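Understanding the architecture of this molecule
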Amino acid sequence: MAISNNRLKKIEEFENKIGYTFNDKDLIDVAFTHSSYTNEVKGKKKSNERLEFLGDSILDMIVSEVLFKHYSMKPEGWLTKTRSRLVCTSSFAKACEKFEMTTFLNFGNGERQGGGELKKHVKADTFEAVCAAIYLDSSYDNLFKFLKENYKEEALEIINDDSIFNDYKTKLQEYHNAKDRKILKYVLVKEEGPEHEKTFTMAVKLGNKVLAHGVGKNKKQAEQKAAQAAYEKIKRKNG
């Protein structure tokens, strides 16, 4: 099935966003085709599921290579744990959001109405498919370059902050739901630094009692740090 002019314009819009032009437009068109769409057009187009499969494997390889080369003093256990934080649904969903990749997806009507482009697993799958398309269209080295140029800072943040995908706020609230059924509150204690480099300190409170404090680059991160500190106190206390 030939790619329509409107579709080619959307592909060009995406290419301009990421700074890469596809030689084979069919590859990126397939990467942006959800299985719900192919089900509705009855097999006349391919979905991105096979590209997802390939993208997952290549991204696993790239992340493994980077960690192996740049963290030569770290043991195998640390490498495995860190790779699992980078090569996961949450991480890939965040990567997808940077270029709003799911807004370019062809969805079936039902999936689109059901908010398909907002689903975390759909975002992650789309990112994998796009990466596979770049790899097949050019090379491993070009995909490596694309990832390094666009995601280095985000990857370092994940590597250096193991609380990013650990939802300690939920864990802490669940503990108190079972224990005393009180709602926790998060209160801003202070914010410091220049506009481009602010740090926030948040307190997590149970009633009037402060359970712990947390510091982060934004309020959300500081809340998670505060919840983590409070949760780890509970774990130590309960052995």
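It should be emphasised that the depicted structure is a prediction, and the values quoted were computed from it without experimental measurement.

Another aspect to go through is the side chain of Thr201. Take Thr201: it is sitting in strand β2 (residues 199-206). Taking relative accessible area as the criterion, Thr201 reaches 9% and is therefore assigned buried.

Further remarks concern helix α4 (residues 49-70). The end-to-end C-alpha distance of α4 is 32 Å, a good match for the 32 Å that 22 residues give at a rise of 1.5 Å each. Looking at the buried residues of α4, the elements they touch are α2 (25-31), α5 (76-86), α6 (89-98), α8 (120-137) and α9 (140-160).

Turning to the packing of aromatic side chains, a few remarks are in order. In total, this model carries twelve aromatic pairs according to the counting rule given. Centroid distance Phe14 to Phe32: 4.8 Å. Interplanar angle 85°. Geometry classified as edge-to-face. Here Phe14, found in helix α1 (residues 5-18), pairs with Phe32, found in the loop between α2 and α3 (35-40); they are 18 residues apart in sequence, far enough to count as distant. For the pair formed by Phe14 and Phe32, the shared burial category is buried. Judged by centre distance (6.1 Å) and plane angle (75°), the ring pair of Phe146 and Tyr151 falls under edge-to-face. By way of ring pairs, the aromatic residues Phe92, Phe99, Phe127, Phe146 and Tyr151 are connected into one cluster. Note that Lys169 overlies the ring of Tyr186, its terminal NZ or CZ placed 4.7 Å from the centroid.

Our focus in this paragraph is the pairing of β2. Most of β2 sits out of view: six of its eight residues are buried. Across eight bridges, strand β1 (residues 184-192) lies against β2 in antiparallel orientation. Following the sheet pairing, Glu191 is matched in β2 by Phe200. Here β1 folds back onto β2, and the loop between the two strands holds six residues, one of which, Gly193, carries a positive phi near 95°. Inspection of the sheet shows β2 paired to strand β3 (residues 209-216) by seven bridges, in the antiparallel sense. Directly across from Lys205, in β3, lies its bridge partner Val210.

This part is about the UniProt feature "active site" (unreviewed entry) in the protein. Under the UniProt annotation, the feature "active site" (unreviewed entry) is placed at Asp56 and Glu128. A maximum C-alpha distance of 5.6 Å places the annotated residues, which cover 73 residues in sequence, within one compact spot. Here Asp56 falls in the partly exposed class, since its relative accessible area comes to 32%. Contacts of Asp56, omitting those with residues within four sequence positions, involve Val87, Phe92 and Glu128. For Glu128, the position within the fold is in helix α8. Take Glu128: its relative accessible area is 10%, and that puts it in the buried class. Residues in contact with Glu128, not counting those within four places in the same chain, are Leu51, Glu52, Gly55, Asp56, Leu59 and Phe92.

Reading the values: the criteria
- Residues numbered from 1 in each chain as written.
- Predicted model: local features only at pLDDT ≥ 70, side-chain atom pairs only at ≥ 80, totals over all residues.
- Heavy atoms only, no water.
- Helix = DSSP H or I, 4+ residues; strand = E, 2+ residues; numbered from the N terminus.
- Buried < 20%, exposed > 50% of the residue type's maximum accessible area, 1.4 Å probe, protein only.
- Expected span 1.5 Å × (residues − 1).
- Contact = heavy atoms within 4.5 Å.
- Phe/Tyr/Trp six-rings, centres within 6.5 Å; stacked < 30°, edge-to-face > 60°.
- Lys NZ or Arg CZ within 6 Å of the ring centre and 35° of its normal.
- Pairing = 2+ DSSP bridges.
- UniProt positions renumbered as here; feature names shortened; annotations may be inferred.

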